[in-house]
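# Structure assessment
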Amino acid sequence: MRLAMVGTGYVGLVSGTCFAEFGIDVICVDKDASKIESLKKGEIPIFEPGLEDLVEKQVAAGRLSFTTDLTQAMKDTDAVFIAVGTPPRQDNGHADLTYVHQAAKEVAQLAEGYTVVVTKSTVPVGTAREVEKIVAEHKKPDAVIDVCSNPEFLREGAAIVDFMRPDRVVIGTDSERAKEVLKEIYRPLYINETPMVVTTPESSEIIKYASNAFLATKITFINEIANLCEVAGANVQDVARAMGLDGRIGSKFLHAGPGYGGSCFPKDTLALTQTGQVMGTPQTIVEAVVKANKDRQHQMAERVIAACGGSVKNMKIGVLGVAFKPNTDDVRDAPSLVILPALQEAGAKISAHDPEAQEEASKHLKDVTWQSDPYDVAKDADALVIITEWNEYRALDMSRIAGSMQVKRLIDMRNIYKPEIMRELGFHYVPIGKPEITVKNETKLKQVS
Ligand code: UDX
């Protein structure tokens, strides 16, 4: 079995490498020559645990290679996966399919014999049919091409595990022949008895959006319940735990926080609402989720300002974590990109730390003092804000932090610290969805030198 992966972004690179681990010959192709050059040298453009080692292993085994030449990639290939970007269009949030259409056309022009063209990129319902039309129009007369939708459900930071041990594989095609090729590609997963859902391209495309939108809804739901808990004096973690014990609800994605971010949920929820509008079936729940999540990120900045007595003018705010979640350097649509500028706008000076995302974040955030040590962020700060729950922030020496701050104020947007311990250390502690710990006559502990 031999396959070509068009697009070496996050999805293409992880999928291509993991298919090679399955024992398939994979050739990854990208138009970006500098990216291909780097990959050939073993340099991985993204931070993803385990990926670098796996790429090295598969390249050494001769099963994985990189090229800019689609003609070379298409030679003797059984299947071509299209894993190019589908960014939201600036004007209306629709997924931009320019790269998918272009790739389909170029692949069709080169395909010989029987080839399965698989859309791996997240694409709106109807795209596989459009791709079918494009390939029919551009293919060589004697080539036979079937189109198949095969969405991915990879989480950043856990992408390799997710690929190797997925909850399910979804295959959307009308062609028996294409179905057999896809089943052969995923054969190693039969050992783990991975469920395979074989369905139509339309259902397959909707499965991807519906899954992400549902998860985004679950997060947004618990975030709003957290607001209610704060006002009512309840504890959202107890509420979420008890809810999650109901097997019909499940405990995952019920962690209240500063709002979801990342490269998928914001983009996919927006695209689904657009599809709903275009097709005359408005997705009103998801529309509300998109708005509530946007509002929440702004409310998080207001929460910090309120905790600081209503103004952060000339205050030093320390920030721990700017990535949209731990184990990634990705800051796309991260809550930090809304919270930090809003605090700066209100007059705060920001000092921040992130174990992996500082370089990425500094492309989007201006006038931030970046620290290489999380303890330096707290030094002389008027407030410390935890935005991302990196493991290394869970075990900080909080008495050392308390001693170094200007005012002992902690806004814990991921509920990683215990309120009782924060009380003992004298913190004004603001968690999410739980009673705040206030301090009488909050005063500056130190004079700024
Ligand atoms: C997600 C989907 O999980 C994955 O299946 C899909 O292929 C791509 O989108 P990812 O964006 O990598 O993956 O991250 P995920 O771990 O799902 O988290 C998404 C966002 O939700 C993060 O901002 C995270 O902080 C937030 N989140 C998640 C919460 O706020 N609370 C939760 O309980 C779970």
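## Describing the overall build of the protein chain
Helix and strand counts for the protein chain stand at 18 helices and 14 strands. Taking 22 Å as the expected radius of gyration for a compact globule of 449 residues, we find that the protein chain reaches 24 Å, a close match to that expectation. Along the longest, intermediate and shortest principal axes, the C-alpha atoms of the protein chain span 80 × 45 × 45 Å. Here the protein chain holds 449 residues, and the buried ones make up 53% of them. Partitioning the intrachain contacts of the protein chain with sequence separation of at least 6 by distance along the chain shows that 73% fall at a separation of at least 24. In the form shown here, the protein chain has an accessible surface area of approximately 20400 Å², with 51% of it arising from carbon and sulfur atoms. Looking at charge distribution, the protein chain has the averaged site of its 51 positive side-chain charges lying 3 Å from that of its 62 negative ones.

## Observations regarding the domain arrangement of the protein chain
Under the domain assignment, the protein chain is made up of domain 1 (2-199), domain 2 (209-293) and domain 3 (295-430). The centre of domain 2, based on its C-alpha atoms, is set 24 Å off from the matching centre of domain 3. The partner domain 3 presents 17 residues to the 17 residues of domain 2 that form the contact. Here domain 2 packs against domain 3, burying approximately 1300 Å² in sum over the two surfaces, 42% of which is carbon and sulfur. Looking only at domain 2, the three residues that lose the most surface to domain 3 are Pro-258, Gly-262 and Ser-263, adding up to 36% of its buried area.

## Overview of the pairing of strand β2 (residues 25-29)
Burial of β2 is extensive: 4 of the 5 residues sit out of reach of the surface. Sheet topology note: the strand β1 (residues 2-6)/β2 ladder contains 5 bridges and is parallel. Bridging from a neighbouring strand, Arg-2 pairs with Asp-25 of β2. Each parallel crossover has a hand, and the one from β1 via helix α1 (residues 10-21) to β2 is right-handed.

## A closer look at the site of the ligand
Residues in close proximity to the ligand total 18 residues, the closest being Leu-154, Glu-156, His-255, Gly-261 and Lys-325. Backbone polar atom of His-255 to a nitrogen atom of the ligand: 2.9 Å apart, as the coordinates give it. Lys-325 places a polar side-chain atom, nitrogen or oxygen, 2.9 Å from an oxygen atom of the ligand. Taken by itself the ligand offers 670 Å² of open surface, and the protein chains cover 93% of this. Counting residues per element, the shell around the ligand draws most heavily on helix α9 (residues 201-232), which supplies 3 residues. Split by residue class, the shell around the ligand holds 9 nonpolar, 3 polar and 6 charged.

## Regarding empty space enclosed by the protein
One pass over the structure, following the stated rule, counts 1 cavity of 30 Å³ or more. Within this model, the largest cavity holds a volume of roughly 40 Å³. Lining the largest cavity are Thr-119, Ser-121, Thr-122, Val-123, Ser-149, Asn-150, Pro-151, Glu-205 and Lys-208. Considering only residue class, the lining of the largest cavity consists of 2 nonpolar, 5 polar and 2 charged.

## Focus: the environment of Asn-227
Along the chain, Asn-227 turns up in helix α9. Assessed through its relative accessible area of 28%, Asn-227 is described here as partly exposed. It is 46 Å that separates the C-alpha atoms of Asn-227 and Leu-182, two residues lying 45 residues apart in sequence. Residue contacts for Asn-227: discarding those within four places in its chain leaves Arg-296, Gln-299 and Arg-303.

## With respect to the sheet that holds strand β12 (residues 383-386)
Here 6 strands make up an open sheet; going across it, the order is β11-β10-β9-β12-β13-β14 and the pairing parallel. For this open sheet the edge positions go to β11 (368-370) and β14 (428-430), each flanked by a neighbour on one side alone. In this sheet, neighbouring strand axes are inclined to one another by 20° on average, regardless of whether the strands run parallel or antiparallel. With 5 bridges joining them, strand β9 (residues 316-320) and strand β10 (residues 349-353) adopt parallel strand pairing. Residue pairing in the sheet places Lys-316 in a bridge with Lys-349 of β10. Where helix α12 (residues 284-307) meets the sheet, it contacts β9, β12, β13 (409-412) and β14, and its direction lies at approximately 160° from that of β13.

## Remarks on the pattern of salt bridges
Inspection of the entire model under this criterion finds 19 salt bridges. Its salt-bridge partner being Arg-129, residue Glu-132 comes within 3.3 Å of it at the nearest N-O pair. With Glu-132 and Arg-129 both in helix α6 (residues 127-138) and 3 residues apart, the pair spans about one turn of that helix. With relative accessibility at 29%, the residue Glu-132 sits in the partly exposed group. Residues joined by salt bridges that share partners form a network here, namely Arg-129, Glu-132, Asp-174 and Glu-202.

What counts and how
Residues numbered from 1 in each chain as written. Predicted model: local features only at pLDDT ≥ 70, side-chain atom pairs only at ≥ 80, totals over all residues. Heavy atoms only, no water. Helix = DSSP H or I, 4+ residues; strand = E, 2+ residues; numbered from the N terminus. Rg over C-alpha atoms; globule rule 2.2 N^0.38 Å. Buried < 20%, exposed > 50% of the residue type's maximum accessible area, 1.4 Å probe, protein only. Contact = heavy atoms within 4.5 Å. Areas by Shrake-Rupley, 256 points an atom, 1.4 Å probe, with all protein chains shown as cover. Lys, Arg positive; Asp, Glu negative; His and termini not counted. Charge placed at Lys NZ, Arg CZ, Asp CG, Glu CD. Domains from an automatic or database assignment. Buried area = accessible area lost by both parts, 1.4 Å probe. Pairing = 2+ DSSP bridges. Right-handed = clockwise from strand over helix to strand, strands pointing away. Near = heavy atom within 4 Å. Polar contact = N/O pair within 3.5 Å; in protein donor to acceptor, adjacent residues only side chain to side chain. Nonpolar A, V, L, I, M, F, W, Y, C, P; charged D, E, K, R; others polar. 1 Å grid on protein atoms, 1.4 Å probe; cavity = no way out; pocket = protein on both sides within 12 Å on 5 of 7 lines; lining within 4 Å. Points joined across faces, edges and corners; volume = space filled by probe spheres on them. Axes fitted to C-alpha atoms, helices over the stretch in contact; angles between N-to-C directions. Salt bridge = Lys/Arg side-chain N within 4 Å of Asp/Glu carboxyl O.

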